[in-house]
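Here are the chains, one letter per residue:
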Amino acid sequence: MISDSQSILDDLKLAVKQYAEEMPQVVADAQSKVAEWRLSNQDILPLHPFGHLAKTDCVEGFWQVSKQRWIDDAGEVMFPTRVGLDDQLRPVISAPRGDATQTLIVRNRNTIDVIDVCKDKKESWDPARESGLPFCRVYLDDDGRMTQIATLRDSSLKVEQFCWLNGRIVTSTETVHELSDDLMLVEKDPVLSQHQEYLYDEVGQLLQVNQNRHAIFSSGRGDTLESVISDSVAQLSEAIVARIVSMESENADPSNRLKRLVLVYSAEHAHCGLPSEVRFAREDEDHSDLFYAEELDPLVDWIPDDKIQNFDCLLIRLYQLVDSPEVFLEGEAVLPFRQMLQRLAKNINEEMSKLPGVVAEEFVAYPVDDHGDVDAEEDFRASVSGEAATRWLAGRDELAEIEDDDDDDEEFEDDDEFDDDDDE
């Protein structure tokens, strides 16, 4: 393992230069090692010790459980990948975009290099980009374990280092350095540094990965949609109710109690496993539209610091059950997230009803999509009991009629002004 960033950068730049000079032979060597071609539903690249278990590039902010599988028919998936395996069934070529563009996996004694290459018009192989970037080198110890992964791009150098103990990764550190146009370190210190810790069960299976206090992976073994939603509702409800009680105990004006609690989420991006924020209105300031939350005060610290990782894991477990890109595109993945938030709001309403005097008698909690992409009344009626929902929605309609009358009066006054101008 190379200890300092400058030495890693020098090592990668030299490798890129050598590959660029020898690319036709490198491609030929890789092709000669292919003992079998197979089709996969996704890339298979050795870019992380747990790459077989999860997609570790933190899509949506967390690792997604890998769903790699071999397929018999290219028509089974939209974008199949052709994978060339050597005689030990290790990938040596991955072609997700057809034979014209391929990723080579070059294995040496203590390194694995991952190189994107493509054919030019002269049918010769060159690095996929003129500079030969991006280029990735994986450093191995004498036992063949990944200890360091370095990726060189046009403007950055990313290095991830792994600490092993008793055959397990216990921590890793990822740093990113900014590079100048001539691929020199701009500053000695990294522009980004992240620390991960790895947690295992009693038999050594990876359970969870935390990054800078936040969970980015949870195995979720044995999860069902109902079990995760139930866990989420129970834990979130407990935290939010406790925060309300704490806030109201410090309220300087007990006569001005909490009247509405809005769980804000975004159905547009299907990022609604947890509310993006929680807002509230009191009795003397509740004049805004029922489904417009931007003017309301935010409920701060509604997730306790010591519970952040627990809630991250809940969200990850939920995503893993409905993380199909095809489903996201069709909008169907939003439904379980909405149902969870509706149940959460309903649970908060029930819990607050058991604490008379803490909030206003007509208190309601409900979710609101901040882009208005789903039926707001449907969310409301699924979260609030029937009579209360009808009463609140009727009040909203009355308010809308009053506002319409005010608008008409203003237009009438404007017309009078124009008439007066005409008389003059």
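Calculation criteria
- Residues numbered from 1 in each chain as written.
- Predicted model: local features only at pLDDT ≥ 70, side-chain atom pairs only at ≥ 80, totals over all residues.
- Heavy atoms only, no water.
- Salt bridge = Lys/Arg side-chain N within 4 Å of Asp/Glu carboxyl O.
- Buried < 20%, exposed > 50% of the residue type's maximum accessible area, 1.4 Å probe, protein only.
- Helix = DSSP H or I, 4+ residues; strand = E, 2+ residues; numbered from the N terminus.
- pLDDT = per-residue confidence, 0-100.
- Contact = heavy atoms within 4.5 Å.
- Axes fitted to C-alpha atoms, helices over the stretch in contact; angles between N-to-C directions.
- Parallel < 35°, antiparallel > 145°, perpendicular 65-115°, else oblique.
- Left-handed = near helix turned anticlockwise from the far one by under 90°.
- 1 Å grid on protein atoms, 1.4 Å probe; cavity = no way out; pocket = protein on both sides within 12 Å on 5 of 7 lines; lining within 4 Å.
- Points joined across faces, edges and corners; volume = space filled by probe spheres on them.
- Pairing = 2+ DSSP bridges.

**A closer look at the pattern of salt bridges**
Right, so step 1: Using the criterion set out here, one finds 17 salt bridges in the structure.
Right, so step 2: Arginine 145 is the partner of aspartate 141 in a salt bridge, and the nearest nitrogen-oxygen pair spans 2.8 Å.
Right, so step 3: For aspartate 141, a relative accessible area of 18% puts it in the buried group.
Right, so step 4: Judged by relative accessible area, arginine 145 falls into the partly exposed class, the value being 27%.
Right, so step 5: One salt bridge in this structure joins glutamate 283 and arginine 257, with 3.7 Å as the shortest N-O distance. With a gap of 26 residues between them, glutamate 283 in the loop between strand S18 (277–282) and strand S19 (297–298) and arginine 257 in the loop between helix H2 (225–249) and strand S17 (258–265) connect regions that are remote in the sequence.
Right, so step 6: Residue classification places arginine 257 among the partly exposed positions, given a relative accessible area of 21%.
Right, so step 7: Here the salt bridges share partners, and the residues they tie into one network are Asp11, Asp113 and Arg137.

**As for the confidence of the model for the protein**
The predicted coordinates should not be examined in detail at positions where pLDDT is low.
Right, so step 1: Counting all residues, the mean pLDDT for the protein is 84, and 83% of those residues have values of 70 or more.
Right, so step 2: The secondary structure element of the protein with the lowest average pLDDT is helix H4 (residues 325–330), at 45, and the one with the highest is strand S11 (residues 146–152), at 95.
Right, so step 3: In this model, residues 402–409 is a region of pLDDT below 50 whose contacts with residues beyond four sequence positions or in other chains number 0 contacts.

**A look at the packing of H2 against helix H3 (residues 308–321)**
Right, so step 1: Running from amino to carboxyl end, H2 crosses H3 at an angle of 155°, the nearest separation of the two axes being 10 Å. In terms of orientation, H2 and H3 fall into the roughly antiparallel class. Seen along the crossing, H2 lies across H3 with a hand that is left-handed. Residues Leu225, Val228, Ile229, Asp231, Ser232, Gln235, Leu236 and Ala239 of H2 form the contact with H3, whose own contacting residues are Asn310, Phe311, Leu314, Arg317, Leu318 and Leu321.

**Concerning the layout of surface pockets**
Right, so step 1: Reported here for the second largest pocket is a volume of approximately 300 Å³.
Right, so step 2: Lining the second largest pocket are 19 residues, with Asn349, Met352, Ser353, Glu361 and Phe363 sitting closest to its centre.
Right, so step 3: Elements with a minimum of two residues in the lining of the second largest pocket: helix H5 (334–353), strand S20 (359–369) and helix H7 (386–423).
Right, so step 4: Ranked by the residues each element gives to the lining of the second largest pocket, the list is headed by S20, at 6 residues.

**Some thoughts on the sheet that holds S19**
Right, so step 1: Spatially, the 4 strands line up as an open sheet ordered S19-S18-S17-S20, and their pairing is mixed. Looking at which strands have only one partner, the edges of the open sheet turn out to be S19 and S20.
Right, so step 2: Here 6 bridges tie S17 to S18, and the two strands are oriented antiparallel to one another. Its bridge partner lying in S18, valine 264 is registered against glutamate 277.
Right, so step 3: The sheet strands contacting H2 are S17, S18 and S20, and the helix crosses S17 at an angle near 140°.

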